[in-house]
Amino acid sequence: MKGLDYTVLVIGIIGALNWGLIGLFRFDLVAFLFGNMSWLSRIIYTLVGIAGLYHCTFFGRLSDVNQR
């Protein structure tokens, strides 16, 4: 489970950096590297979205750790 947590964390950080670039400079790094809405960029966007949803489970696990 720990390996999955780190993998999802890295994907989430990559997604956050990409959104930061979009917000600050209107530069979409994923589209630049893999094409605007190509099949590969869509897979990356999907993985970032799934990672974001998985991050929601961290809150429940944090409260479990704090209660011990």
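Structure shown above.
Structure report, in brief. (Residues numbered from 1 in each chain as written. Predicted model: local features only at pLDDT ≥ 70, side-chain atom pairs only at ≥ 80, totals over all residues. Heavy atoms only, no water.)

1. A word on the layout of surface pockets
Here's step 1: As a volume, the largest pocket reaches approximately 150 Å³.
Here's step 2: Lining the largest pocket are Ile14, Gly15, Asn18, Trp19, Ile22, Asp28, Val30, Ile44, Tyr45 and Val48.
Here's step 3: Ranked by the residues each element gives to the lining of the largest pocket, the list is headed by helix H1 (residues 2-25), at five residues.
Here's step 4: Taken together, the residues that form the lining of the largest pocket break down as seven nonpolar, two polar and one charged. (1 Å grid on protein atoms, 1.4 Å probe; cavity = no way out; pocket = protein on both sides within 12 Å on 5 of 7 lines; lining within 4 Å. Points joined across faces, edges and corners; volume = space filled by probe spheres on them. Helix = DSSP H or I, 4+ residues; strand = E, 2+ residues; numbered from the N terminus. Nonpolar A, V, L, I, M, F, W, Y, C, P; charged D, E, K, R; others polar.)

2. Some remarks on unusual backbone geometry
Here's step 1: Even without being a glycine, Arg26 presents a positive backbone phi close to 55°.
Here's step 2: Among the structural elements, Arg26 can be located in the loop between H1 and helix H2 (29-34).
Here's step 3: Taking the relative accessible area as the measure of exposure, Arg26 reaches 78% and is therefore exposed.
Here's step 4: Not every positive phi belongs to a glycine, and Met37 is a case in point at roughly 55°.
Here's step 5: Within the fold, Met37 resides in the loop between H2 and helix H3 (39-67). (Buried < 20%, exposed > 50% of the residue type's maximum accessible area, 1.4 Å probe, protein only.)

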